[in-house]
Amino acid sequence: MADQNPDQHPTGPKPGHNGARRTFLKQSTALTAFALTPGPVLKAAGSAWDEKVAAAIEQVPLRLDINGKKYKLSVEPRTTLLDLLREQLHLTGTKKGCDYGQCGACTVHVDGQRINSCLTLAVMQDGKKVTTIEGLAEGEKLHPIQEAFIKHDGFQCGYCTPGQIMSAVACIREGHANSEGEIREYMSGNICRCGAYPNIVAAIQEVKNGGQKV
Amino acid sequence: MKDLFFKDGVIGDPMNRVDGRLKVTGGARYSAEYELPGLVHSALVGSTIAKGRITSIDTKAAERAPGVMAVITHVNSIKVPGFAASAHPSEPSTIGQPLRVFYDEKIYFNDQPVAIVVADTLERARYAAGLVKVQYAAEQHQTSFDANTSRAVLPTSAKRNPKSPLADYDRGQTNAFQTAPVKLEAEYVIPSEMHNPMELQAIVAHWEAADKLTVYDKVQAVKGTQKAFAKDWKIPEENVKVIATFVGGAFGNGLHNWPHETAAIIAAKMVGRPVKLMLTREQMFTMVGYRPHAWQRVGIGATPDGKLVGITHEATGQTSSYEEFTESTLQQTRMMYQSPNVTTRYRILPLDVSTPIWMRGPGEATGAFALESALDELSYLLNIDPIELRLRNYTDQDPEKNLPWSTKFLKECYQMGADRIGWNKRPAKPGTLRDGDWLVGYGMGVGTFGANRRPAKARARLLANGTVLLQSATTDIGPGTGTVMVQIAADALGLPPKAIVFELGNSTFPEAPSQGGSATVASVGSAVVAACAELKKKLLELGGPGFSGAKPEDVTINSRVQMRAYNSSLPLEIGLRTNASVKVSYSDVLQRNGGQEVEVVGEGRPGNERQKYSMYSFSVHFAEVKVHTMTGEVRVTKMVSCADAGTIVNHKTAGNQMIGGAVGGIGMALTEAAVIDHRFGRYVTKDFAEYHVPVQADAPAIEVAFVDKPDLLVDPMGTKGIGEIAIIGVAPAIANAVFNATGKRIRELPITPDKLI
Ligand code: FES
Ligand code: FES
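Residues numbered from 1 in each chain as written. Chains lettered and ligands numbered in written order. Predicted model: local features only at pLDDT ≥ 70, side-chain atom pairs only at ≥ 80, totals over all residues. Heavy atoms only, no water.

Considering the sheet that holds strand 25 (residues 555–557) of chain B
Residues and elements named next belong to chain B. Rules: The rule for pairing is simple: two strands pair if DSSP sees at least two bridges between them. Strands here are runs of E lasting at least two residues and helices are runs of H or I lasting at least four, both read from the DSSP assignment and numbered beginning at the N terminus. Axis definition: a line fit to C-alpha positions, over the contact stretch in the case of helices; interaxial angles, taken between N-to-C directions, run 0 to 180 degrees.
With antiparallel pairing, the three strands of this open sheet are ordered in space as 25-26-27. At either margin of the open sheet sits one strand with a lone partner, and together these are strand 25 and strand 27 (579–585). Pairwise comparison of adjacent strand axes, ignoring direction, gives a mean angle of 30 degrees for this sheet. Note: strand 25 against strand 26 (residues 573–576), three bridges, orientation antiparallel. The residue bridging Ile-557 from the neighbouring strand is Ile-574, located in strand 26.

What to know about the environment of Asp-715 of chain B
All names here are of chain B. What counts here: Summary of the burial criterion: residues with accessible area below 20% of their type's maximum are buried, those above 50% are exposed, and those between are partly exposed, where the area comes from a 1.4 Å probe applied to protein chains only. Note on contacts: a residue pair qualifies if any of its non-hydrogen atoms lie within 4.5 Å across the two residues. Polar contacts, as used here, are pairs of N or O atoms within 3.5 Å; protein pairs need one atom able to donate a hydrogen and one able to accept it. Residues neighboring in sequence count only if both atoms are side-chain atoms.
For Asp-715, the position within the fold is in the loop between strand 33 (701–706) and helix 17 (730–742). By relative accessible area, which is 2% here, Asp-715 ends up buried. Along the chain, Asp-715 and Arg-453 lie 262 residues apart, while their C-alpha atoms are 7.8 Å from each other. What Asp-715 contacts, discounting residues up to four positions off in sequence, is Arg-453, Ala-522 and Ser-526. Only 2.9 Å separates the side chain of Asp-715 from the backbone nitrogen of Met-717, close enough to count as a polar contact.

Brief notes about the interface of chain A and chain B
A common way to state how big an interface is: give the accessible area lost once the parts meet. We count it as follows: The term buried area means the drop in 1.4 Å probe accessible area that two parts suffer when joined, counted for both and summed. One speaks of a salt bridge when a side-chain nitrogen belonging to Lys or Arg is within 4 Å of a carboxyl oxygen belonging to Asp or Glu.
Taken residue by residue, the interface counts 80 residues in chain A and 78 residues in chain B. Carbon and sulfur atoms make up 54% of the surface buried where chain A meets chain B, a total of about 6600 Å² over both sides. A per-residue breakdown of the area chain A buries against chain B is headed by Gln-156, Arg-193 and Tyr-197 of chain A, which together make up 13% of the total. If you look at where chain A meets chain B, you find nine salt bridges.

What to know about the domain arrangement of chain B
Residues and elements named next belong to chain B. Selection criterion: An automatic or database domain assignment supplies the start and end points of every domain. All residues other than Ala, Val, Leu, Ile, Met, Phe, Trp, Tyr, Cys, Pro, Asp, Glu, Lys and Arg, Gly among them, are scored as polar; the first ten of these are nonpolar and the last four charged.
Here chain B is partitioned into domain 1 (38–140 + 195–284), domain 2 (149–193 + 291–452 + 612–755) and domain 3 (454–605). Computed over C-alpha atoms, the centres of domain 1 and domain 2 are 35 Å apart. On the side of domain 2, 25 residues touch domain 1, which itself brings 28 residues to the contact. Taken together, the two surfaces of domain 1 and domain 2 that pack against each other cover about 2200 Å², and 60% of this comes from carbon and sulfur. Applying the counting criterion to the domain 1 and domain 2 interface returns one salt bridge. For the salt bridge of Arg-682 with Asp-111, the shortest nitrogen-to-oxygen distance reads 4.0 Å. Our count for the domain 1 to domain 2 interface comes out at six residue pairs in polar contact (both at pLDDT 80 or more). Of the residues in the side of domain 1 that touches domain 2, the class split is ten nonpolar, 14 polar and four charged.

A closer look at the side chain of Gln-201 of chain B
All names here are of chain B. Counting through the fold element by element, Gln-201 comes out in the loop between strand 9 (182–190) and strand 10 (202–209). A distance of 3.0 Å separates a polar atom in the side chain of Gln-201 from a polar atom in the side chain of Asn-253. Discounting chain neighbours no more than four positions away, the residues touching Gln-201 are Lys-218, Asn-253, Gly-254, His-260, Leu-277, Met-278, Leu-279, Met-284 and Val-288.

Description of the sheet that holds strand 12 (residues 240–243) of chain B
Residue and element names in this part refer to chain B. An order of 3-6-1-13-10-11-12 is seen for the seven strands of this open sheet, with the pairing classed as mixed. The outermost strands of the open sheet, each flanked by one partner alone, are strand 3 (68–73) and strand 12. Pairwise comparison of adjacent strand axes, ignoring direction, gives a mean angle of 20 degrees for this sheet. Both strand 11 (residues 212–217) and strand 12 contribute to a ladder of four bridges, which runs parallel. For Thr-214, the partnering residue across the bridge sits in strand 12 and is Lys-241.

Structural notes on the environment of Lys-538 of chain B
Position of Lys-538 of chain B among the secondary structure elements: in helix 13 (residues 520–542). Counting along the chain gives 55 residues from Lys-538 of chain B to Asn-593 of chain B, while the straight-line C-alpha distance between them is 9.7 Å.

Quick notes on the packing of aromatic side chains
Residue and element names in this part refer to chain B. The cut-off we apply is this: Two aromatic rings, drawn from Phe, Tyr or Trp (for Trp, its six-membered ring), form a pair once their centres lie within 6.5 Å of each other, and the interplanar angle then sorts them: stacked below 30 degrees, edge-to-face above 60, tilted otherwise. Throughout this description, the term charge over a ring refers to an Arg CZ or Lys NZ atom that lies within 6 Å of the ring centre and within 35 degrees of the ring normal.
Applying the stated criterion across every chain, the model contains 15 aromatic pairs over all chains. Between Tyr-188 and Phe-369 the ring centres are 5.8 Å apart and the planes differ by 85 degrees, which places this aromatic pair in the edge-to-face class. Placement of Tyr-188 in strand 9 and of Phe-369 in helix 9 (residues 362–382) is noted, with a sequence separation of 181 residues between them. The class for Tyr-188 is buried, based on a relative accessible area of 0%. A centroid spacing of 5.5 Å and a plane angle of 80 degrees characterise the contact between Trp-423 and Phe-622, whose relative ring orientation is edge-to-face. On the criterion of sequence distance, the pair formed by Trp-423 in the loop between helix 11 (410–421) and strand 20 (434–435) and Phe-622 in strand 29 (residues 616–628) is long-range, its members being 199 residues apart. Grouping residues by exposure puts Trp-423 and Phe-622 together as buried. Across the ring face of Tyr-34, the terminal group of Arg-29 is positioned such that the distance to the ring centre comes to 4.7 Å. Lying across the ring of Phe-739, Arg-745 places its NZ or CZ 4.2 Å from the centre.

Given below as structure tokens:
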């Protein structure tokens with residue numbers, strides 16, 4: 001079972017990386033449940049050829065700078081930036097709340113701009129600089145927005161929070177935090193089902209008015 | 001924030017959350033975020049019919065797809081040993097049979113899981129799931145509430161037990177409102193609403209051995225889930241471990257176990273690997289519960305001076321064909337107002353849909369929409385201010401149970417709210433206050449929910465480093481449970497919060513109830529108080545000669561907090577509050593304890609005071625709205641939410657919880673509706689583009705005010721729950737404000753512009 005764990009590999013699954021699967025398929029023929037099954041359950045065992053073809057065209061090289069760290073990756077073209085971060089690089093601070101660009105939980109910065117990482121394929125960002133929530137603090141020192149979110153209780157469950165914070169930083173940098181109304185408008189792409197909205201505005205206003213560098 | 005000097009006490013402190021840092025740095029780990037060796041991914045295939053049978057499933061293409069490890073359907077699935085063979089066994093939580101995943105070919109609702117595809121990557125699992133071809137023999141489904149109202153029935157539990165709160169209730173004369181000089185009768189409808197927490201329902205299922213299961217699961221009940229899965233798989237409870245350290249919101253949908261969880265557990269067993277399954281947003285609409293569509297009729301009558309003569313309140317809520325879901329829709333009507341005659345009738349309507357589940361302020365929020373709207377309507381008929389009408393029917397004891405209230409500070413809530421919203425600006429005549437193109441109105445609504453408390457346990461251990469570690473199998477879906485438990489323990493032990501660690505979300509911890517029904521602080525907090533008392537008792541026993549005869553409550557874990565501030569580098573000593581010269585070093589205590597850190601378990605349970613008093617939390621919500629004269633757009637411009645929720649342990653987190661309830665109520669009132677296309681029996685609202693939850697721009701200034709008076713009959717801290725009353729009464733407050741602004745009474749939620757123009 002040398003290939004036991006494809007997902008632990010820093011570059012994600014590699015071409016022809018199907019040892020685990022074949023092992024399962026071989027083993028599972030011994031399972032009683034399968035032996036008793038009348039239907040064509042495990043015909044897939046004969047599909048090694050399909051896999052080889054698919055795998056050969058399925059991976060493309062990708063270079064990313066994520067939170068100051070350089071990654072040389074090989075990913076499927078259909079992999080979103082969000083799934084790359086969460087499932088392959090285990091940077092799970094970036095959240096999935098919808099996968100359709102409707103909630104903002106997946107907000108990250110790409111070359112300084114906030115984007116929904118679920119709405120972009122990873123390969124589209126080749127050579128770019130990505131900042132996620134994990135890269136916002138400087139070591140132990142939290143970013144002022146992070147401090148302000150704690151102080152103003154700008155969250156409850158915390159699931160939307162990384163996206164809110166990445167958006168909040170960008171909102172201030174863009175110059176869209178000049179009034180309560182403007183903040184509310186420009187933060188409306190980030191849903192908080194817990195409803196901590198007024199506290200989020202208070203946190204952003206404090207940082208904006210405090211004049212700290214964001 | 002106040003200096004954390006312990007002597008001031010920390011109950012009431014607006015302390016920052018203990019897990020705030022983890023939440024703002026991305027360090028908080030939710031269910032789908034556990035990395036396990038060998039973890040594989042999965043995706044569900046859902047049925048495309050609402051009722052019928054699967055006639056064939058072709059999985060060949062899916063199996064051939066790259067990376068696919070298994071395609072599991074009812075044809076090849078291992079059978080879950082605990083699935084009951086009969087379709088309608090009696091179950092404790094809901095009556096009926098939770099969906100038996102991959103059990104047979106029967107389809108009960110649209111998007112019912114019919115297959116799970118396991119693959120080495122998420123993309124591959126998802127792609128292959130699209131290759132599974134299913135043929136069905138469809139039967140005529142019934143998903144329309146309106147087309148089936150005649151099939152509504154009394155719930156089985158009410159049939160079995162006529163004393164059940166779901167049974168028909170008659171106080172005084174039936175339908176006495178009809179005899180009143182001033183009366184009205186009106187129907188109210190709410191659509192199904194979806195919890196839609198931001199975190200998608202997710203599970204990582206891992207069979208650590210053939211009879212040992214660990215799940216990282218988005219649930220509100222780690223113990224309840226442990227029991228459910230142990231029963232399903234016929235293995236001892238201690239062989240099931242449930243981890244839910246962080247839960248990304250739930251609002252009730254983590255109070256039941258759902259088909260996807262069992263699907264992942266089956267898959268993990270069959271592939272011999274940990275399997276991760278995260279639902280898509282569409283699937284969040286179809287298989288993890290919702291607030292059920294409900295129809296209500298209220299008849300209400302009063303004397304000309306505003307004394308209620310009678311209230312009749314009927315409600316029918318939707319349920320599934322395979323489980324009877326019920327909720328306390330009519331509770332508030334029975335106990336809130338001084339009416340000699342009250343009639344309530346509750347029915348459920350089974351449809352070919354998935355099972356609903358309690359959604360924040362569950363049935364009470366539904367019931368309050370009708371009751372509090374009807375009272376508002378009555379107030380205009382009587383020409384009496386809506387607050388005054390409620391005061392004229394104020395109850396000094398529970399008219400349903402004929403018991404005194406443990407505490408009730410509802411009058412204070414009316415006053416605080418009226419002052420803050422500027423109630424005196426409210427026009428007595430609707431439609432008369434304008435601000436440019438906008439009509440302005442004010443409304444209010446009342447909420448109540450039982451001040452529940454259930455038995456709970458907590459473990460306390462004094463670590464050698466001086467930290468008190470507390471553990472209890474509760475969860476924190478967002479209210480800040482860990483934070484307030486630290487405060488309660490700090491208060492009970494006379495320690496600063498930073499000397500306390502509270503752990504939760506793990507079924508191996510001492511028993512705690514599910515995080516539902518606004519009972520967590522009262523239940524688990526009481527257990528924490530008990531554990532702290534036990535800890536002091538144990539330290540007294542181990543303290544040695546100087547401690548004999550002393551009282552446990554005088555024991556101090558004190559040397560580090562003798563100065564203004566806590567100093568963790570000082571040696572840890574146990575002492576006595578009553579005699580400063582008595583002290584013993586903790587290392588000596590450890591020695592006397594056989595080298596073990598001192599550990600105790602405390603248990604809190606409600607006593608017979610619940611037979612002598614009626615216990616409720618109360619809230620009053622006030623809304624100021626503007627309605628655009630041309631477009632019918634409704635903007636809530638200000639909200640004030642006031643609550644009598646006993647002692648407020650943390651004003652910051654409690655205030656936030658109230659704000660969250662108000663925002664949820666704005667969604668309920670104005671935008672949220674899950675819509676089924678009855679031709680197919682399938683939801684057409686399936687993501688945030690069609691199902692509108694409030695966004696930042698929809699949230700007005702929200703002011704929160706607490707009475708903050710302890711109710712020591714409920715629990716030792718004096719707390720009463722907040723989570724539900726935060727939303728109960730919000731929707732009618734907004735609907736009433738809309739009427740005040742426009743003169744249009746909207747009795748069917750949500751109040752969308754089309755209903756106003
Ligand atoms: S997950 Fe990307 S916007 Fe919702
Ligand atoms: S904190 Fe829970 S969704 Fe925002």
